[in-house]
Amino acid sequence: MDDDDDDDDDDKHAKREREETRRGKRRGRALSSVLTVFLILLVWRLEHQERDAFFVQEEGEGEGNNVRDGGWKRYSTPAHEEKSREECTVDRFWIDALSLERFNREYRDHKPVVVRFIENEEEEEEANEKKKKKKKKKKKNNNNSYNDDDKDAASASALASASAAEWKHFQKVLSSKENLQKSHGEKVIVLSSANTFSYDKKEVKLKHYIDSRGKYLKPIKSNQKADKIWYWFGDNDHEAFGDFFPAFKRASLIGKKYVPESASVAYSYGVGGPLSGVPYHIHGPGWSESIYGRKKWFLSPPIFEPVFNGNETAARAAMRFKANGNKAKFKKNIKMGKKNDNSVEVDKYGNEKIVLTCIVNENEGIYFPDKWWHSTLNLDESVFMSSFVNYAK
């Protein structure tokens, strides 16, 4: 009898084990299915993000209006564009609104700033129309007589118009694709690899580099690595380009206002295709002025070094930054910032531990202070001049 009971117990125990095994297998299959679905969705999401990040289309494609006056192409890059100017987290001013004194006090050693110095053609027409109406109204109110303030304003306006004319000559004539092809096309330029510190160099004729039908200005693809992308920025032969660089110095409204005559300045001209750019790097202070096209900037204070891959393309890095909610990861640093009233880590100037971003449009310049980390991403065929300034302390 006892043996029968023992047999029954063994059968029940074995049955429970078999049931537990079956349940375990079912749970395993269910978990495997969930993980498989999760991985499929993750891969789909990453592929979707990648397609978006590297989606580039010529503006007005097929309509013949995607080329600006200077002959440089405009592009649509939806994944990297700002929906509104408020998305720019760098302070931005019209040049008349940012005095030299304020620039020196609040920005030169402290943080970046974007300055707009010329209206685009549509804005300029609108502004001129407003000025005409205002002038007519003033004449009527003053019985066609002007006081000293009017004369001073007219003098300042004439000076500004002359400066604007110099800039437009440099932009629309000297920096046009046609002029570069005609005047400098046979000159050999030095290209740099588009990775941090630009280790590799390559020489080509300028006319081959700026030909939109060639390989250098074509939109960057998702499978490209930064060290295999060739980009023209720096290593300029100033002597070979004759009056080109002196003409820029004469034309730069930013240089005339914010760069003292006593300062030592190194000028660096560059052209990049859509989605080209360079990963995070640091150097001395200066300005970068957009002559044609848009460039997206990512900037972080010196003590807050972002985590980055020096051989990752700027477009892929921008994709990851956006996927992370426009937040960056930072390397641990011995020089830790202090906390502000909101318990956010800041540097000695009060700059928070975040990456600032802003799209700098043509006829705008951005100032980058000494040793600020920054990365750039061109959104069009972009033409720019950087001025590395050794400000006298």
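Keep in mind it's a predicted model, so treat the numbers as computed, not measured.

1. Points about the sheet that holds strand β6 (residues 201-205)
Step number 1: Taken together, the nine strands give an open sheet; going across it, the order is β3-β4-β15-β10-β17-β8-β7-β5-β6, and neighbouring strands pair in mixed fashion. On the outer flanks of this sheet lie β3 (92-94) and β6, each paired with one strand and no other. On average, each strand axis in the sheet is inclined to that of its neighbour by 30°, with strand direction left out of account.
Step number 2: Strand direction decides the pairing type here: strand β10 (residues 286-292) and strand β15 (residues 364-368), joined by five bridges, are antiparallel. Each bridged residue has a counterpart across the sheet, and for Gly 286 the counterpart in β15 is Phe 368.
Step number 3: Sheet strands touched by helix α7 (residues 244-251): β8 (264-272), β10 and β17 (382-390). Its angle to β8, the strand with the most contacts, is close to 105°.

2. A closer look at the state of the cysteines
Step number 1: Within the structure shown, the criterion is met by one disulfide.
Step number 2: Cys 88 shares a disulfide with Cys 358; S-S distance 2.1 Å. Taking the sign of the S-S torsion, about -100° here, the bridge from Cys 88 to Cys 358 comes out left-handed. A residue pair is termed long-range when its members are at least 10 positions apart, and Cys 88 in the loop between β2 (75-76) and β3 and Cys 358 in strand β14 (residues 356-360) qualify at 270 residues. Here the two residues Cys 88 and Cys 358 agree in accessibility, since each one is buried.

Cut-offs used in this document
- Residues numbered from 1 in each chain as written.
- Predicted model: local features only at pLDDT ≥ 70, side-chain atom pairs only at ≥ 80, totals over all residues.
- Heavy atoms only, no water.
- Pairing = 2+ DSSP bridges.
- Helix = DSSP H or I, 4+ residues; strand = E, 2+ residues; numbered from the N terminus.
- Axes fitted to C-alpha atoms, helices over the stretch in contact; angles between N-to-C directions.
- Contact = heavy atoms within 4.5 Å.
- Disulfide = S-S within 2.5 Å.
- Buried < 20%, exposed > 50% of the residue type's maximum accessible area, 1.4 Å probe, protein only.

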